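What follows is each chain in one-letter form.
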Amino acid sequence: MKHNILIVCRSLPIHTLGGMELITLDLVSELAKNSNNDVTVLTTDIEPEKKQQNENFAVSYVAGSPSGKYSRYWWSRSSLEARKIILEKNIDSVISVSSGAYEIVKLKKEFPNVKFIFQAHGTSLGEIVSKFRSKNIKSIIGSVRNFSWIVKDILSYNRFDKIVAVGGHVYKQLTSGILSHFFEKNKSVCIKKGVHNALFGYDENRRQFKRREHDIETNIKVFLSVSRLHKQKGVLSAIKLFNEYRNLNKHSFLIIVGDGPHRKQIQEYVHSLGIADSVLLVGNKTRVQISEYLSASDCLLFLSDRIEVGLTLNMLEALTSGLPIVVGNNFKTTIDNPGALNNLIFSTNVNEIDCKIQEGLEKRSSFVTNDYSLSTMANKYQTLLDRMMSNKSQ
C-alpha cells in the first residue's frame, strides 16, 4: 500500500551522532526504499553547509529553530511547517520520533484522516527512575524537569493513534504500572529497533584491514568503546577497567570511538594513568568505519551510568559482530533477550572478562536474531501503516 509519510524529529545524525538519531535515519531510509512510499523528514534547523538532501526522501528544516533542541520556536513553527507539508504532499501518516510532534498531533482535528504514530524511545517516568538510581546529585536535581514532562506525555499519548515502543523494556513501561492507566493498552505495540546485519556482521578481512591501519598485531586483545563522550556513558569507567586488564595482559589495546563534551577530560585521564600508548581516541566515525572497528575488536566496554531502556544501538551492533560486552548491573533488569544476556558480562573481574574473550575468539558469530534486522523493523512499520489505513477506509 502506498503511503505519504511525514517523520518528525528534533535531530538527525547531521545534528548530533546519537543512538536515537541513527535509529531515525535507519527507519527513514528503510521506509523510503519501498518505491510506493513518499517520505519527508521535518527537523530543526542547522548550518547551511551541513544541510543534506537524499534522493530517496526529502528533508525539511524549520528555519530559525535552535539546532537539535526542543524550543518554543520549534513547538510553534513545526506545526505550521507540518501543516504545509500535509497539504502539499497529501500526507496520510505522521511518525513522531519521541516528543518531536507533540504540537503537530493537535492538527488531528483538522486532518482526521491522517494517522499519527508516536515512537517511544523511553518514558519520562523511566528517566526519573534512572536518575534517582544513579545517585548523582546533579542528575537527581535535573529530574524535576522530567516530572513536568510526565503530564505532557500523558496528555499527548492519548492524541496519537498508535504508540510504538522501540524495545521490550519501553513497551513494559507503557503497558504496566502508572502509565498504563492513562490510555488504552491496545494502542501500544512493540517494534524493536533494527540493525544492518550484513554491515555489522563479523568480517575477517575488515578485522585485518583495520588492525593494519593502526599497526595492531594479531595477538593483541582489542577493547572498544563506542558512544558519545559524555560522563553518563561511562567512558572513564571503561578506561579504568581497561587499565586493570592491561596489568593482566600487556598485549592489549583500547580504541575509543565518538566525540563529546568530555573528550579533554578523557584524554587527561588516559595520560594520568600512563597508558597513552595503548589507548586511541579516533573521534566520530561513519557506520561503515564502526563496523570495521567492531570486527577488529575482541570486546566492547559499555559501562553507562544510565538505566538504559534495553539493548542500545551500539550494543546491538556489537552483538551482531559477535562481540561480548562488559556492562553494569543496571542492564540486568532492562534486557529480556536471552541471546544477548548470554553474551553480556556483568562483572569487572578481569579474569572473567579474559575467559569470555577467549571463548569468542574460538568461534566468532552473531548473537542477534532476525527480529532485530532493519528489514524486519521496516516491514513491521509498513504493516502497521497498512492496517491503520485499512481500518480508516472501512
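What this report covers is the structure whose coordinates are included nearby. (Residues numbered from 1 in each chain as written. Predicted model: local features only at pLDDT ≥ 70, side-chain atom pairs only at ≥ 80, totals over all residues. Heavy atoms only, no water.)

Describing the overall build of the protein chain
- Broken down by element type, the protein chain carries 14 helices and 13 strands.
- Scaling as 2.2 N^0.38, a compact globule of 394 residues should have a C-alpha radius of gyration of about 21 Å, and the protein chain matches this with 22 Å.
- With respect to the three principal axes, the spread of C-alpha positions in the protein chain is 65 × 45 × 40 Å.
- Within the protein chain, the fraction of its 394 residues that count as buried is 55%.
- Accessible area of the protein chain: about 18,100 Å², with a carbon and sulfur share of 50%.
- In the protein chain, which carries 52 positive and 38 negative side-chain charges, the distance between the mean positions of the two groups comes to 6 Å. (Helix = DSSP H or I, 4+ residues; strand = E, 2+ residues; numbered from the N terminus. Rg over C-alpha atoms; globule rule 2.2 N^0.38 Å. Buried < 20%, exposed > 50% of the residue type's maximum accessible area, 1.4 Å probe, protein only. Areas by Shrake-Rupley, 256 points an atom, 1.4 Å probe, with all protein chains shown as cover. Lys, Arg positive; Asp, Glu negative; His and termini not counted. Charge placed at Lys NZ, Arg CZ, Asp CG, Glu CD.)

Here we look at the sheet that holds strand 10 (residues 279–283)
- Here we have 6 strands laid out as an open sheet, ordered 10-9-8-11-12-13, and parallel in their pairing. Of all strands in the sheet, those with a lone pairing partner are strand 10 and strand 13 (344–345), marking the two edges.
- Looking at chain direction, strand 8 (residues 221–226) and strand 11 (residues 299–302) are connected through 2 bridges and run parallel. Counterpart to phenylalanine 223 in the pairing with strand 11 is cysteine 299.
- Contacts between helix 9 (residues 263–273) and the sheet are confined to strand 9 (252–257) and strand 10, with strand 10 contributing the most and set at about 165 degrees to the helix.
- Along the sheet, helix 10 (residues 287–296) contacts strand 8, strand 9 and strand 10; its crossing angle with strand 8, the most-contacted strand, is approximately 145 degrees. (Pairing = 2+ DSSP bridges. Contact = heavy atoms within 4.5 Å. Axes fitted to C-alpha atoms, helices over the stretch in contact; angles between N-to-C directions.)

Describing empty space enclosed by the protein
- Evaluation of the coordinates by the stated rule reveals 4 cavities of 30 Å³ or more.
- Its volume calculated, the second largest cavity comes out at about 60 Å³.
- Among the elements of the structure, helix 8 (235–248) and helix 9 are those that each provide at least two residues to the lining of the second largest cavity.
- Its residues assigned to classes, the lining of the second largest cavity comprises 4 nonpolar, 4 polar and 1 charged. (1 Å grid on protein atoms, 1.4 Å probe; cavity = no way out; pocket = protein on both sides within 12 Å on 5 of 7 lines; lining within 4 Å. Points joined across faces, edges and corners; volume = space filled by probe spheres on them. Nonpolar A, V, L, I, M, F, W, Y, C, P; charged D, E, K, R; others polar.)

Structural notes on the pairing of strand 11
- Residues of strand 11 alternate between two faces, with Cys299 and Leu301 on one and Leu300 and Phe302 on the opposite face, all of them buried.
- Of the strand pairs in this sheet, strand 11 and strand 12 (residues 325–327) are connected by 3 bridges, and their pairing is parallel. Bridge pairing in strand 12 links leucine 301 to valine 326.

Description of the side chain of serine 11
- Here serine 11 lies in the loop between strand 1 (4–8) and helix 1 (19–33).
- In this structure the side chain of serine 11 is engaged in a polar contact, spanning 2.6 Å, whose partner is the side chain of glutamate 21. (Polar contact = N/O pair within 3.5 Å; in protein donor to acceptor, adjacent residues only side chain to side chain.)

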